[in-house]
Amino acid sequence: MTLLPTVENETAANPVYSIIWLHGLGADGHDFAPIVPELVSPDWPALRFVFPHAPVRSVTINNGMAMRAWYDIYSFEPGAPQDETGTREAIKQVEALIAREHERGVPSERILLAGFSQGGAIALATGLRHAQKLAGIVALSTYLPIAHTLAGERSAANAHIPIFWGHGTFDPVVVLQRGVDSRAALETLGYQVDWHTYPMPHSVHPQEIADLRRWIGERLR
């Protein structure tokens, strides 16, 4: 598989941890790159941030407009059909990026998957199915995709994976209830979700970054 193009930021030479961060619908890998200085603590070990660009595809919810998207979205309505084929393709693309980090000397247990909105959905879908133990999943303003298949496909290695979930109480895109329902689905399967809500729309909150910085710091040990 051809690797997706990426934006990368190494906080110091010879990174020993990697964070693969997936952008939201219509954005690209540059979207969250500016967050690195605000997020990283100077006493952390060397990190490599990998911000891939999703492929360009036609997106039904946006009148078929071509844009960067991890999969197609048919509707935001609860219970609407999902693009399972596109979702699984995106999982394979992220798995390929994980494999490249292995080749660069970073083992799975030192790799975090993070994502916002549609990117967060793929971070969850990939991380919960990944065959080797990962360091954690960061899910921001998102939901659990193809949830109906997770029970039969989830990885025992990541049965207790740390999950940070941040969601806006005024989110008009991925409404709060969808996040709540996704959290409940995960908890039913035994996952523990570090759940946070913030007074924001479909965006990122300064307190969320502070909370995430603390949470990631606890994983880098």
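The rules behind the values
- Residues numbered from 1 in each chain as written.
- Predicted model: local features only at pLDDT ≥ 70, side-chain atom pairs only at ≥ 80, totals over all residues.
- Heavy atoms only, no water.
- Helix = DSSP H or I, 4+ residues; strand = E, 2+ residues; numbered from the N terminus.
- Buried < 20%, exposed > 50% of the residue type's maximum accessible area, 1.4 Å probe, protein only.
- Phe/Tyr/Trp six-rings, centres within 6.5 Å; stacked < 30°, edge-to-face > 60°.
- Expected span 1.5 Å × (residues − 1).
- Arc of directions from axis to C-beta.
- Contact = heavy atoms within 4.5 Å.

Asker: Give a description of the environment of Ala 185 that names residues and reports values.
Answerer: Summarising the element assignment, Ala 185 is placed in helix α5 (residues 176–188). For Ala 185, a relative accessible area of 30% translates into the label partly exposed. In this structure, the C-alpha to C-alpha distance between Ala 185 and Ala 147, residues 38 residues apart in sequence, is 7.8 Å.

Asker: Mind laying out the packing of aromatic side chains, listing which residues take part and the relevant values?
Answerer: Going through the model one piece at a time under the given rule, you end up with six aromatic pairs. Summarising the aromatic geometry, the rings of Phe 32 and Phe 116 are spaced 5.6 Å apart at their centres and angled 45 degrees between planes, so their arrangement reads as tilted. Within this pair, whereas Phe 32 is found in the loop between β2 (17–22) and α1 (36–39), its partner Phe 116 is found in strand β6 (residues 111–116), the two being separated by 84 residues in sequence. The same class applies to Phe 32 and to Phe 116, which are both buried.

Asker: Run through helix α6 (residues 206–219), naming residues and quoting values.
Answerer: Across its 14 residues, α6 extends 20 Å between first and last C-alpha, which sits within 8% of the 20 Å expected from 1.5 Å per residue. Along α6, the residues that are buried comprise Glu 208, Ile 209, Asp 211, Leu 212, Trp 215 and Ile 216. Buried residues along α6 cover an arc of 165 degrees about the axis, so they all sit on one side. Looking at the buried positions of α6, the neighbouring elements they touch are β2, α1, β6, β7 (136–140), β8 (163–168) and β9 (193–198).

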